[in-house]
Amino acid sequence: MDVVNDLFPFLAMVIVQFGFAGMNITSKLAMDAGMKPLVLVSYRQIFATIAIIPFAYFFERKTRPKITKPLLIQIFICSLTGVTGNQVFYFIGLQNSSPTIGCALTNILPAVTFILAVLLRQEAVGIKKLSGQAKLLGTSICVGGAMLLSFYHGPMINIGESSIHWKYADQSGDSDSSASKSSFILGPVFIMASAVCWAVWFTIQAKVSEAFPAPYTSTLLMCFMGSIECVLIGVGANHELSQWSLRSPGRLIAALYAAIVCSALAFSLTSWSIQKKGALYVSVFSPLLLVIVAVLSWALLREKLYLGTVIGSAMIVAGLYAVLWGKEKEVKAKSIEDMEVFKSFEKEEKGDLELQLPAISNGKNGVVAK
């Protein structure tokens, strides 16, 4: 049974990382072929809303708490940050960079979340403790790696040419217009803005989860609101009807894949893995996405690796694990402290009870203390 409990969450998170890797490849190809990022995000939210409806209906129709007006306001703010802000910035950044850079920069999320939590006084730095020093050092390394990856290109690393020839990728990725769209500064800046939006969403979503323990319904509402927001922004930026066409197989596949695999399926598997193993276990798999995307981008998209990208990515991953290690130490220390307080309280209660028992016994025997 232990083998099964360990194996299934592991396989689930590997599947999730492969799923996100595929989204980065298909989305990049669709945008290189002419699909606008705001259009892609809009269709992703529409299809994701449709895909999550069965989960919300069958799993939570009997246990769903009452939906209140304050809750809807909180979910609306979640949709602005976790859906609209996060995904709009990410896909615009992906269009102006590469899948490898996009995946590398998403690993700064724990560092951004830590900074935000400290600024909002939701978490103490604890500089005198080893766990606090690890979080602070890891955050600094993550930010340094992100800056290096964003502003330093460096010489190209020659790792040879891939022997795989995918006709659709060759037609989409090798065009001069596609290369001219890329910006090694603008793209990373937008992706980092996406991470900030995602970190803000974490802080708000934590309160929503406490007040409304129905994750599928809250996600359904969030995606529905995000659909409206993204469509309004998308229509404002892309007026032509042809830009919204899904007749191209590449566009349709990119939109459906992002919605079904990376919103509905990934959310379900991640939520289940968190219940089984905890949030820290899930977050450890983030760098696996970077490795998968780097290999697929080289093999399918002919992406070139540069020294700045490699060093910056390595720094971000190292910083990520330092932050996670510090957080794990902090959680364990807090658990031990709570256990000691509980044992101390239990001992005091036991002592008080032993003092009361002789008095109760004497009272029963008719003995009165003078």
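Scoring rules and cut-offs
Residues numbered from 1 in each chain as written. Predicted model: local features only at pLDDT ≥ 70, side-chain atom pairs only at ≥ 80, totals over all residues. Heavy atoms only, no water. Helix = DSSP H or I, 4+ residues; strand = E, 2+ residues; numbered from the N terminus. Buried < 20%, exposed > 50% of the residue type's maximum accessible area, 1.4 Å probe, protein only. Contact = heavy atoms within 4.5 Å. Areas by Shrake-Rupley, 256 points an atom, 1.4 Å probe, with all protein chains shown as cover. Phe/Tyr/Trp six-rings, centres within 6.5 Å; stacked < 30°, edge-to-face > 60°. Core = buried A, V, L, I, M, F, W, Y, C linked by side-chain atoms within 4.5 Å. Axes fitted to C-alpha atoms, helices over the stretch in contact; angles between N-to-C directions. Parallel < 35°, antiparallel > 145°, perpendicular 65-115°, else oblique. Left-handed = near helix turned anticlockwise from the far one by under 90°. Nonpolar A, V, L, I, M, F, W, Y, C, P; charged D, E, K, R; others polar. pLDDT = per-residue confidence, 0-100. Salt bridge = Lys/Arg side-chain N within 4 Å of Asp/Glu carboxyl O.

A.B. asks: Is there a simple way to explain the overall build of the protein chain in this structure?
C.D. replies: Across its full length, the protein chain holds 14 helices and 2 strands. Across the 370 residues of the protein chain, 43% fall into the buried class. For the protein chain, the proportion of contacts with a sequence separation of at least 24, taken over those separated by at least 6, is 90%. Summing over all exposed atoms, the protein chain offers an accessible surface of approximately 20000 Å²; the carbon and sulfur share of this is 69%.

A.B. asks: Where do I start with the packing of aromatic side chains in this structure?
C.D. replies: Describing an aromatic ring pair means giving the distance of the ring centres and the angle of the ring planes. What the rule picks out here adds up to 9 aromatic pairs. When the centroid spacing of 5.9 Å and the interplanar angle of 15° are considered together, the rings of Y43 and F47 count as stacked. Highlighted residues: Y43 and F47, both in helix α2 (residues 37–60), separated by 4 residues, approximately one helical turn. Each member of the pair, Y43 as well as F47, is classed as buried. On the basis of an interplanar angle of 85° and a centroid distance of 5.9 Å, the ring pair of Y90 and F91 is categorised as edge-to-face. This pair shows no difference in class: Y90 is buried, exactly as F91 is. A network of ring pairs unites the aromatic residues Y43, F47 and W244 as a single cluster.

A.B. asks: Even after reading the chapter, I still don't get the nonpolar core, so can you show me in this structure?
C.D. replies: A general tendency of soluble globular proteins is for nonpolar side chains to be buried together. Ranked by internal contacts, the top residues of the largest apolar core, which has 51 residues, are L40, Y43, Y90, F91, L105 and I108. In terms of residue count, the dominant contributor to this core is α2 (10 residues). Once residues within four sequence positions are removed from consideration, L105 is found in contact with A146, L149, S150, P188, I191, M192 and I316. With 12 residues, the next largest nonpolar core counts V83, V208, F212 and A214 among its residues.

A.B. asks: What am I meant to see in the packing of α2 against helix α10 (residues 215–237) here?
C.D. replies: The description of two packed helices rests on the angle between their axes and on the distance between the axes. Running from N to C, α2 and α10 point in directions that differ by 160°, and their axes come no closer than 8 Å. By the angle class used here, α2 and α10 are roughly antiparallel. At the point where α2 passes α10, the crossing takes the left-handed sense. Across the contact of α2 with α10, the residue classes break down as 18 nonpolar, 8 polar and 1 charged.

A.B. asks: Could you clarify how one ought to interpret the confidence of the model for the protein chain in this entry?
C.D. replies: Close reading of the predicted structure is inappropriate where its pLDDT is low. The predicted model of the protein chain averages 79 in pLDDT, with 81% of residues at 70 or higher. This stretch, residues 174–181, has a pLDDT under 50; its non-local contacts, to residues over four places away or in other chains, come to 7 contacts. Here residues 366–370 is a poorly scored stretch, pLDDT under 50, and it has 1 contact once near neighbours within four places are set aside; other chains count.

A.B. asks: So what exactly am I meant to see when it comes to the packing of helix α4 (residues 99–106) against helix α6 (residues 130–151) here?
C.D. replies: Relative orientation of the contacting elements α4 and α6 amounts to 160°, with a least axis distance of 10 Å. Overall, the two elements α4 and α6 adopt an arrangement that is roughly antiparallel. The crossing of α4 and α6 is left-handed. On the side of α4, the interface is formed by I101, A104 and L105, while α6 contributes A146, L149 and S150.

A.B. asks: It is not clear to me how the environment of K36 should be interpreted in this structure. Could you clarify?
C.D. replies: Examined against the element boundaries, K36 turns out to sit in the loop between α1 (2–32) and α2. We classify K36 as partly exposed; its relative accessible area is 32%. Residues K36 and Q95, spaced 59 residues apart in sequence, show a C-alpha to C-alpha distance of 8.8 Å. Not counting residues within four places of it along the chain, the set of residues in contact with K36 comprises N238 and Q243.

A.B. asks: I'm lost on the pattern of salt bridges in this one. Help?
C.D. replies: Where charged atoms from two side chains of opposite charge approach closely, those side chains can pair. Summed over all chains, the structure comprises 1 salt bridge. Its salt-bridge partner being D32, residue K28 comes within 3.7 Å of it at the nearest N-O pair. On the criterion of helical spacing, the pair formed by K28 and D32 is a turn pair, its members being 4 residues apart in helix α1. For D32, a relative accessible area of 10% translates into the label buried.

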